[in-house]
Amino acid sequence: MSQPGASLLHPRVLIPFALVTLIWGSTWIVIKGQLGIVPPSWSVTYRFIVAAAAMFLFAAMRGERLWLDRRAFAFVVLLGIAQFTFNFNFVYRAEQHITSGLVAVLFALLIVPNTLFGRLFLKTPLEGRFLAGAGIAIVGVGLMILHEYRAASLGPQAVVAGTLLTLTGVLSASIANVMQGTKIARAQSMTVMIAWAMLFGALADGGFAWITTGPPTIEATPVYLLGVLYLGIVASAVSFPLYFSVIRAVGPGQAAWSSVLIPIIAMGFSTVFEDYHWAPLSIAGGAVALAGLIIAVAKRPERPSVSGNMVSVAVDAPECSASANENPRD
């Protein structure tokens, strides 16, 4: 359940939201250096071993109690597997079939299950303005998907396989996002809870990697090792607590707007570092998606209400939408 009176435009929500979106928008370039010699599942494992270690260290430095009760442990196991195992393994494997750009844009659809699940399980209200904005944004996302599909010239089998893997990752991420809004999640220290979730996720990642690809392998190059550190510390240990705090404040629906903005930011990074050229469809899609965001989160103007001889000003309460990241790639 989101906090009463919280809005995505409030500084205490907007600042972490913007930081997470910017960081996760940069990860697509970094992840390219992770795909090669090392199997994707081992790269995911290394990322979350680093992230879990950083989270436990931070919690210890703050003097927090690191142990959880039995019920909380059961919860973080499920959270870790959904967010840090299924989500990321599906997405990394999707990129073996389709381009990272198409995966990133498909992940923008996270706003759909986040909104539906948030309404179903957390009872977060659905504002007409939010739904209209989300619908417009999805049209924009569709235009970007069409452009990435055309640019990649992919075969039909690759498209189907990659799309199904990505959407399964989206579903896993959405389940984890909604779990963040539950009472049991709010009762835990966020730092400790995420640390254990990352550890359990990393253990599951490692077990899956060993079974499917064999013993651990590592690429001892600066690009790969620095990429693991960036993804583990900045894009995970720093970003996930910020993102989950946004979910707790405004609900998973509004928090999922980050997944709509991340592909646009990722294309911006690609423009600078990879000489990416914007096509009319990608420009139009990005503009429509941004218009949808503005419509969804913009505050209504104050309106006067008249009662007898007294004139008062009625202000709509800030909405909380139901409710991405990660894009895991994020």
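Residues numbered from 1 in each chain as written. Predicted model: local features only at pLDDT ≥ 70, side-chain atom pairs only at ≥ 80, totals over all residues. Heavy atoms only, no water.

(A) Main features of the nonpolar core. With 84 residues, the main nonpolar core has L8, F48, M198 and W257 as its most contacted residues. For W257, the contacting residues outside a window of four places in its chain are L8, F17, I111, F130, G133, A134, A137, A289, G292, L293 and A296. W42, Y46, A209 and Y224 belong to the second largest nonpolar core, which has six residues in total. (Core = buried A, V, L, I, M, F, W, Y, C linked by side-chain atoms within 4.5 Å. Buried < 20%, exposed > 50% of the residue type's maximum accessible area, 1.4 Å probe, protein only. Contact = heavy atoms within 4.5 Å.)

(B) Here's a closer look at the environment of I233. Inspection of the secondary structure assignment puts I233 in helix α10 (residues 222-250). Each C-alpha atom, one on I233 and one on A54, is 6.7 Å from the other, the two residues being 179 residues apart in sequence. Setting aside anything within four residues of it in sequence, one finds I233 in contact with V50 and V238. (Helix = DSSP H or I, 4+ residues; strand = E, 2+ residues; numbered from the N terminus.)

(C) Looking closely at the packing of helix α5 (residues 111-122) against helix α7 (residues 156-179). Direction vectors running N to C along α5 and α7 enclose 40°, while the axes themselves pass 9 Å from each other. Regarding α5 and α7, the two cross each other, and that crossing is right-handed. Touching P113, N114, F117, G118, F121 and L122 of α5 are V170, L171, S174, I175, N177 and V178, all from α7. Its residues assigned to classes, the contact of α5 with α7 shows eight nonpolar, four polar and no charged. (Axes fitted to C-alpha atoms, helices over the stretch in contact; angles between N-to-C directions. Left-handed = near helix turned anticlockwise from the far one by under 90°. Nonpolar A, V, L, I, M, F, W, Y, C, P; charged D, E, K, R; others polar.)

(D) Molecular detail of the confidence of the model for the chain. Per-residue pLDDT for the chain averages 85, and the proportion of residues at 70 or more is 88%. Within the model, pLDDT remains below 50 along residues 302-329, and this stretch shows 92 contacts once partners closer than five positions in the same chain are excluded. (pLDDT = per-residue confidence, 0-100.)

(E) Expanded view of the pattern of salt bridges. Tallied over the full model, the rule gives one salt bridge. Two residues, E64 and R62, come together in a salt bridge whose shortest N-O distance is 3.3 Å. Judged by relative accessible area, which is 52%, R62 ranks as exposed. (Salt bridge = Lys/Arg side-chain N within 4 Å of Asp/Glu carboxyl O.)

(F) Summary view of the environment of P222. Counting through the fold element by element, P222 comes out in helix α10. Here P222 falls in the exposed class, since its relative accessible area comes to 60%. Along the primary structure P222 and G33 are separated by 189 residues, whereas in three dimensions their C-alpha atoms are 10.0 Å apart.

(G) Inspection of a nonpolar patch on the surface at higher detail. Judged by side-chain polarity, L226, L229, I233 and V238 come together as a nonpolar surface patch covering roughly 340 Å² of accessible area. As for its position among the elements, L226 is in helix α10. (Patch = residues over 30% accessible without salt bridge, like charges linked within 9 Å, V, L, I, M, F, W, Y side chains within 5 Å. Areas by Shrake-Rupley, 256 points an atom, 1.4 Å probe, with all protein chains shown as cover.)

(H) Spotlight on the environment of T212. For T212, the position within the fold is in helix α9 (residues 190-213). Classification of T212 as partly exposed rests on a relative accessible area of 43%. Separated by 171 residues in sequence, T212 and S41 place their C-alpha atoms 8.8 Å apart. Reaching out from T212, the side chain makes a polar contact with the backbone oxygen of F208 at a distance of 2.7 Å. (Polar contact = N/O pair within 3.5 Å; in protein donor to acceptor, adjacent residues only side chain to side chain.)

(I) Layout of the packing of aromatic side chains. For the structure on display, the rule yields 19 aromatic pairs. Centroid distance F48 to F84: 4.9 Å. Interplanar angle 50°. Geometry classified as tilted. Placement of the pair is F48 in helix α2 (residues 40-61) and F84 in helix α3 (residues 70-94), with a sequence separation of 36 residues. In this pair, the class of F48 matches that of F84, namely buried. (Phe/Tyr/Trp six-rings, centres within 6.5 Å; stacked < 30°, edge-to-face > 60°.)

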